[in-house]
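Results of the structural survey
Now for the letters of each chain:
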Amino acid sequence: MQLRGTSRINERGHLEIGGCDTVELAEQFGTPLYVMDEQMIRSRMRAYVEAFRKTGLRFRVGYASKAFNTLAMCRLVAEEGLYLDVVSDGELYTALKAGFPPERIYFHGNNKTPEELDMGLEVGIGWFVVDNFTELSMLDARACKKGTIARILLRTTPGVEAHTHNYIQTGQEDSKFGFDLASGQVHKAVRLSLEAEGLEPDGFHCHIGSQIFEADGFRLAVRKLAKLAEDCRAAYGFRTRVLNIGGGFGIRYSGEDRPLPTEAYISAMAEEIRTGFAGVQPPEVWVEPGRSIVGEAGTTLYRIGTIKEVPGIRKYVAVDGGMNDNPRPALYQASYEAYLANRAKEPPSETVSVAGKLCETGDMLIWDLDLPRVESGDLLAVSCTGAYNYSMANNYNRLRRPAVVFVRDGRADLVVQRESLEDLIRNDRIPERMFSPEPME
Ligand SMILES: Cc1ncc(COP(=O)(O)O)c(C=O)c1O
Ligand SMILES: N[C@@H](CCCC[NH3+])C(=O)O
């Protein structure tokens, strides 16, 4: 059992997070419940800032809010002084409602709608990360119409694709995101944005993948962008002020995962920046981690309900949530670790598989998990659910999305209320014609 952040096992043999007994949290807030270790989130953010400070480079750390975006989370990011990456009007709206300074927000996405561009311009966000030529001209036109100038980064597809354990160099990258580097698309984008009256290009962005465990892919991406920056300086006199290397830093979901320490990723990038910009002022370097800020700080508490044994084959224990609150196992075959929060000191004595409660055979959260003898009513804690769980949760089977609490120093604060049955039908309408007096056949 790996205890992360402020997690520990208390005298009662219960899992405790942020000084709060999880058995009590489950009683107070119900289950399923997302528990977020606030101190751990903050220290993950500070780890990036510290790692960059040591490099001596100018830098910015952004938080990719797609990983977990709520009012309280945006407020926390604001307090920590980070930038915020949003990809929709919904994420932007949440940030603004949380009082996040718009000038520290930047807008991603491969198909921002005209309304989203207008919203960003209206509230004065810091940057748009322009993804394609359609967006380039649309943003220019809309900025001109408003009599303003939009600062932009150009999203590039550098031809580096990183996966958990390795990276590949691709030629003409087949991706829906960004301007392709190999074919020269990005050069055309630089020229167009320099000519555009409503745009001010500040630099480049790339994102090479997610859950990455080595620095080589990031090194190569920096080398490619440094070369691009030099080519654009030589060709158009364009000075790259910002290089955003994206997110994707891996975390440890289970024993096999071996992420590098944050400092190792950042110092590797910094080395490439210094080499790539030798003799000239290096740009400000940005990263935008999501998963590695919140992933390991989240734990989901489930109540175990039914138990079914298929003799000689497998024992299924079912929890009161499933692929609606954590779609990652079903979507990506993601694996998770879990333990009994109410009997955390007991050694494992059986192997079970954890099923969700949804009407899908694929609704399995964990296969072959070693636990003490499980009983109905036990509390299961699944760790590392802070990223892409709440944010990807849905109402399949009309299940209600769980509540979220932030825990810290023995305090538990409800930051997202559990959905109610009423919430589920709030936006439903029955057409008037269905109220017709004629009897239904
Ligand atoms: C453009 C961009 N930036 C940042 C991220 C965050 O990635 P991660 O959560 O793996 O750090 C993503 C998601 O993969 C992304 O698409
Ligand atoms: N949602 C994915 C990652 C995609 C990140 C967005 N580019 C996950 O849960 O791992």
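Remember, it's a predicted structure, so these values are computed and weren't measured experimentally.

Rules behind the numbers
Residues numbered from 1 in each chain as written. Chains lettered and ligands numbered in written order. Predicted model: local features only at pLDDT ≥ 70, side-chain atom pairs only at ≥ 80, totals over all residues. Heavy atoms only, no water. Near = heavy atom within 4 Å. Polar contact = N/O pair within 3.5 Å; in protein donor to acceptor, adjacent residues only side chain to side chain. Areas by Shrake-Rupley, 256 points an atom, 1.4 Å probe, with all protein chains shown as cover. Nonpolar A, V, L, I, M, F, W, Y, C, P; charged D, E, K, R; others polar. Phe/Tyr/Trp six-rings, centres within 6.5 Å; stacked < 30°, edge-to-face > 60°. Buried < 20%, exposed > 50% of the residue type's maximum accessible area, 1.4 Å probe, protein only. Helix = DSSP H or I, 4+ residues; strand = E, 2+ residues; numbered from the N terminus. Lys NZ or Arg CZ within 6 Å of the ring centre and 35° of its normal. Contact = heavy atoms within 4.5 Å. UniProt positions renumbered as here; feature names shortened; annotations may be inferred. Pairing = 2+ DSSP bridges. Salt bridge = Lys/Arg side-chain N within 4 Å of Asp/Glu carboxyl O.

Now for the site of ligand 1. Neighbouring ligand 1 are 15 residues; His207, Ser210, Glu288, Arg291 and Tyr388 lie closest to it. One of the side-chain nitrogen or oxygen atoms of His207 is found 2.8 Å away from an oxygen atom of ligand 1. Protein contact buries 90% of the 390 Å² of open area that ligand 1 shows by itself. Looking at side-chain class alone, the shell around ligand 1 contains three nonpolar, seven polar and five charged residues.

Looking now at the packing of aromatic side chains. Under the criterion given, the structure shown has 16 aromatic pairs. An angle of 5 degrees between the planes, with centres 5.0 Å apart, marks the rings of Phe52 and Phe59 as stacked. For the pair Phe52 and Phe59, a shared accessibility class is recorded, and that class is buried. Ring geometry for Phe68 against Phe406: centres 6.4 Å apart, planes inclined by 35 degrees, an arrangement best described as tilted. With a gap of 338 residues between them, Phe68 in the loop between strand S5 (59–64) and helix H3 (71–79) and Phe406 in strand S22 (residues 403–408) connect regions that are remote in the sequence. Taking the ring centre of Phe133 as reference, the NZ or CZ of Lys188 above it sits at 4.7 Å.

With that settled, consider the environment of Arg291. Here Arg291 shows up in helix H10 (residues 291–294). Setting aside residues no more than four positions away along its own chain, Arg291 makes contact with Ala67, Ser210, Gln211, Ile251, Tyr253, Glu296, Arg328, Ala387 and Tyr388.

What follows covers the site of ligand 2. Near ligand 2, the surroundings consist of Lys66, Arg291, Arg328, Tyr332, Tyr388 and Met392. The side chain of Arg291 places a nitrogen or oxygen atom 2.8 Å from an oxygen atom of ligand 2. Tyr332 is positioned such that a nitrogen or oxygen atom in its side chain is 2.9 Å from a nitrogen atom of ligand 2. Considering ligand 2 on its own, with 310 Å² of exposed area, one finds that the protein chains cover 71% of that surface. Its residues placed into classes, the shell around ligand 2 shows three nonpolar, no polar and three charged.

Cross-referencing UniProt, the feature "active site" (unreviewed entry) maps to Cys359 in the present numbering. Mapped onto the elements, Cys359 comes out in the loop between strand S19 (350–355) and strand S20 (364–371). A residue is classified by how much of its surface remains accessible, and Cys359, at 65% relative accessible area, is exposed. Beyond its immediate sequence surroundings of up to four residues, Cys359 is in contact with Tyr396 and Asn397.

Mapped onto the elements of the fold, Thr156 is located in strand S9 (residues 150–157). On the accessibility criterion, Thr156 (2% relative accessible area) is buried.

The next thing to look at is the pairing of strand S23 (residues 411–416). One ladder, built from five bridges, connects S22 with S23; its direction is antiparallel. The residue bridging Val405 from the neighbouring strand is Leu414, located in S23. The antiparallel pairing of S22 with S23 creates a hairpin that spans two residues between the two strands, and Asp409 there sits at a positive phi of about 50 degrees.

All chains considered together, the criterion is met by 36 salt bridges. The residue Arg219 makes a salt bridge to Glu272 at a minimum N-O spacing of 2.8 Å. Taken as a pair, Arg219 in helix H8 (residues 216–236) and Glu272 in helix H9 (residues 262–276) lie far apart in primary sequence, 53 residues in all. Its relative accessible area of 21% is what places Arg219 among the partly exposed residues.

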